[in-house]
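Notes for the structure review
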Amino acid sequence: MSTFIEQWQDWHANRERELADPYGWLALVSLDWLTDVPATYPAAPGVWWQDAEAAYVDPQGAELSYQGEPITGVQRFELVNSGAGTRVSAGDVEVEVARRSGYLIRVHSPKAPALRDFRGVPTYQPDPNWVITGTFEPFAEPRPTTVGAVTPGLNHVYQAPGLVRFERDGTEHALTAFNGKTGSGLNILFTDATSGVTTYPANRSVLTAEPAADGTVTLDFNRAVNLPCAFTDFATCPLPPEGNHLPFEVTAGELLPHERSEP
C-alpha cells in the first residue's frame with residue numbers, strides 16, 4: 001500500500017505534468033477583449049467581434065478549424081458566463097473563446113515563454129496534520145454568489161451549494177464552497193495568513209470529494225493549488241467569496257511560483 005507521502009508525490013507530479021501541457025495555462029501568450037466592432041488581433045488569426053449574446057470569428061483567409069471541422073464562414077460562439085471556454089485551432093496555436101461578462105479570446109501556443117521556462121511548482125512539505133475532516137452544510141437552495149476577479153472591474157458568479165465547517169486549534173471556521181470543476185465534489189477558494197507572504201496573495205483552491213451521506217468531507221490542504229493567475233497575467237481568476245479568509249497560516253500546499261517570487 002502506498003504511503004501518504006507517495007500518494008502526495010504522485011499527485012504533485014501529475015499536477016506539474018498538467019501545468020506543462022503544451023496548450024494549457026502556461027501556454028497563454030495573449031488576452032484580448034472583444035468589442036462589437038470586427039477587429040484583428042496580433043496573436044489570433046481571423047477577424048473577431050461580439051454582440052450581447054455571442055462571439056464571432058470570420059476567417060477571412062486564415063485556416064481555422066472548430067471541433068475538427070474547417071471554418072469556412074462566420075462562426076458563432078454562445079457561451080455561459082464564467083463557464084468553460086471553447087477553442088479554435090489555427091496552425092500550431094489554439095484560440096480560446098470565453099465569456100467573462102463580455103467575451104475574450106486567449107491564444108495558447110506551445111512556444112510560450114512561460115511554458116519554456118517552467119521549472120515546476122514549489123510547495124510546502126506534505127504533512128498529514130493538514131488533512132482535516134470537516135462537515136458540509138448544504139443551503140436549502142444553491143446560492144448565486146458574486147465574487148471579484150484578479151482583473152479589475154470584472155466579477156464572476158458561481159453557484160454555492162453550501163458551507164464547509166471545520167475546527168482548527170479549538171476554533172471553528174466556515175468556508176463557502178462552490179461546485180467541483182468536474183461536476184462532483186466541492187471547490188473551495190481561500191486565502192490565509194501566508195497569502196502574499198509565502199503563497200500567492202489573491203487565492204488558492206482546495207478540491208474535495210463528494211461529501212459523505214452524513215456530510216463529512218475531507219479538506220487536504222497539502223493539495224491546495226494556485227489558480228492560473230498565479231502563473232500568467234492572461235488569466236481572469238476569481239477571488240475567494242467574502243468570509244473565505246483563514247486567520248492562521250496554512251503552511252501546506254503550493255507556494256508562490258518561482259516566476260512570481262523572482263525579480
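Residues numbered from 1 in each chain as written. Predicted model: local features only at pLDDT ≥ 70, side-chain atom pairs only at ≥ 80, totals over all residues. Heavy atoms only, no water.

With that settled, the discussion passes to the pattern of salt bridges. Throughout the structure, instances matching the rule amount to 10 salt bridges. Between Arg15 and Glu254 there is a salt bridge, with its nearest N and O atoms 2.7 Å apart. Here the residue Arg15 occupies a position in helix 1 (residues 4–19), and Glu254 occupies one in the loop between strand 16 (216–220) and helix 3 (258–261), the gap between them amounting to 239 residues. The residues Arg15 and Glu254 share a single accessibility class, namely buried. Arg223 is the partner of Asp220 in a salt bridge, and the nearest nitrogen-oxygen pair spans 3.6 Å. On the basis of relative accessible area, Asp220 is assigned to the buried category, the value being 14%. Overall, the relative accessible area of 29% leaves Arg223 in the partly exposed class. (Salt bridge = Lys/Arg side-chain N within 4 Å of Asp/Glu carboxyl O. Helix = DSSP H or I, 4+ residues; strand = E, 2+ residues; numbered from the N terminus. Buried < 20%, exposed > 50% of the residue type's maximum accessible area, 1.4 Å probe, protein only.)

Moving on, we get to the nonpolar core. Leu19, Leu26, Tyr200, Cys229 and Phe231 are the most contacted members of the largest nonpolar core, which totals 22 residues. Counting only elements with at least two residues in this core, the list comes to strand 11 (131–148) and strand 12 (155–168). Discounting chain neighbours no more than four positions away, the residues touching Leu26 are Leu19, Ala112, Ala114, Leu115, Phe118 and Phe231. (Core = buried A, V, L, I, M, F, W, Y, C linked by side-chain atoms within 4.5 Å. Contact = heavy atoms within 4.5 Å.)

So, about the sheet that holds strand 12. Within the open sheet, the 6 strands sit side by side as 15-14-13-12-11-16. Their pairing is antiparallel. Single-partner strands in this sheet number two, and they are strand 15 (204–208) and strand 16. The mean angle between the axes of side-by-side strands here comes to 45°, regardless of whether they run parallel or antiparallel. The pairing of strand 11 with strand 16 spans 5 bridges and is classified as antiparallel. Note that in strand 16 the partner of Thr133 across the bridge is Thr218. (Pairing = 2+ DSSP bridges. Axes fitted to C-alpha atoms, helices over the stretch in contact; angles between N-to-C directions.)

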